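Coordinates in review
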Amino acid sequence: MKIINGGVCAAKGFTASGVHCGIRKNRTKRDISLIYSEKVATAAAVYTTNLVKGAPLTVTREHIKNGYAQAIICNSGNANTCNANGIEIAEKMSELLALELGIKADDVVVASTGVIGQPLNIEPIAAGIPMLRAALSSDGSADAAEGIMTTDTVKKEIAVEFTVGGKVCKIGGIAKGSGMIHPNMATMLVFITTDAAISAEMLAKALSSDIADTFNMVSVDGDTSTNDMVTVLANGMAGNAEIVAEGEDFSAFMKALNTVTVYLCRMIAADGEGATKLLECHVSGAADTKTAKTVAKSVICSSLTKAAMFGADANWGRVLCAIGYSGADVDVSRIGVSFKSAAGEIEVCRNGAGVDFSEEKAKEILLEKEIEILVTLDAGEASATAWGCDLTYDYVKINGDYRT
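How each quantity is defined
Residues numbered from 1 in each chain as written. Predicted model: local features only at pLDDT ≥ 70, side-chain atom pairs only at ≥ 80, totals over all residues. Heavy atoms only, no water. Core = buried A, V, L, I, M, F, W, Y, C linked by side-chain atoms within 4.5 Å. Buried < 20%, exposed > 50% of the residue type's maximum accessible area, 1.4 Å probe, protein only. Helix = DSSP H or I, 4+ residues; strand = E, 2+ residues; numbered from the N terminus. Contact = heavy atoms within 4.5 Å. Phe/Tyr/Trp six-rings, centres within 6.5 Å; stacked < 30°, edge-to-face > 60°. Arc of directions from axis to C-beta.

Remarks on the nonpolar core
Across soluble globular proteins, nonpolar side chains have a tendency to be buried as a group. Ranked by size, the top nonpolar core spans 75 residues in total, and within it Ile171, Phe215, Phe253, Phe339 and Val375 carry the most contacts. Ranked by residue count, the leading element in this core is helix H6 (residues 248–270), at 10 residues. Apart from the residues within four sequence positions on either side, Val375 is in contact with Cys281, His282, Val283, Ser284, Val295, Val319, Ile323, Ile335 and Gly336. Ile72, Ala111, Ala145 and Leu189 belong to the second largest nonpolar core, which has 25 residues in total.

Listed below in structure tokens is the structure:
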């Protein structure tokens, strides 16, 4: 398996585009995106657990309940959420796109992101759909990635090549996510495409299994979004024997999917609103996986720990504090904590108590852009990893005037 270029267009039969249609006032920003498969694909998705859900999620869930889709359309700048006519708009988007592409409206995945509760006008979207079709390209992944961005500062895309049953397959994805990022699924928009042949049932199984250790382990600010989802389309154009059960081929697919999702998780966490650092908390020696995940999430979600990382302050007590209120059943007297980065690694806590360490060296380590918080529980063999970011002044600035 190797990383390749192409994003959501790396797999055979997929094209994409992103244009400015007029939802955003800034004409230099793309605000609507399209991903299209020349063949109907098997489809799977997971959705936000927030009880307040964007209308596109309801429509998409209905559209792909048969396990198939052929196109994904997503607007940014104004979320189709808490609108009285939200379902109508989402269905209209599907119908207009279907007419333009010559496909069935039920084969369209609809998504939307941006400000919540603002009226969304269908007119700019209707005007943009022909432009989207005209702009479809095998090089369009980057434009599509840009078209779904909100407060993101960087485009997020990746693709990998892998082998299934002797056939070369490709899988790629784009994502948006910077604020309102918190477990559990989903707290961002992620669109993944592959030319591997896999049944809808196994695709759904692969996705639901993967997110438990990837997107559900990402937190930026503790707010679970209302409109977001992760969707995968698999059109089978690689020509492999269809994956219909667990086994060597399914494992190969799962590994490739996980490579894509972990990469996007790290990009989303690193691009948290106002963030300057990517935080990765790795918990080892847990009695079971549930405990490891609970501890890792709690550390990543701790505002005090996040603030300390921003200030390059090796305040390890905040890590223990987060573990203590996590609800996990751990023996505090056996906990160890170290900080690690490109500048080195330093132990700061052993057996639940502080150890002598160089504050100067610790600061040097914590000034790096990517920081690992290593927690050992000395109670078993289970482990887990969670991703987040530091908490900065800019987070408040960004969200203090988000609508204006």
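So, next bit.
Regarding the packing of aromatic side chains
The geometry of an aromatic ring pair is captured by the separation of the ring centres together with the interplanar angle, meaning the angle of the planes. Summed over all chains, the structure comprises 2 aromatic pairs. Note on Phe310 and Tyr393: the rings are 5.3 Å apart at their centroids and 90° apart in plane angle, and the pair reads as edge-to-face. With Phe310 in helix H8 (residues 303–310) and Tyr393 in helix H11 (residues 393–400), the pair connects residues that are 83 residues apart, well separated along the chain.

Things to note about helix H10 (residues 359–366)
By the burial criterion, the buried members of H10 are Ala362, Ile365 and Leu366. One side of H10 carries all its buried residues, which in axial view fall inside an arc of 90°. Looking at the buried side of H10, the elements it contacts are H8, strand E11 (336–341), strand E12 (344–350) and strand E14 (370–376).

A word on the environment of Pro56
Examined against the element boundaries, Pro56 turns out to sit in helix H1 (residues 55–63). Residue classification places Pro56 among the buried positions, given a relative accessible area of 2%. Along the backbone, Pro56 and Met188 are 132 residues apart, and their C-alpha atoms lie at a distance of 14 Å.

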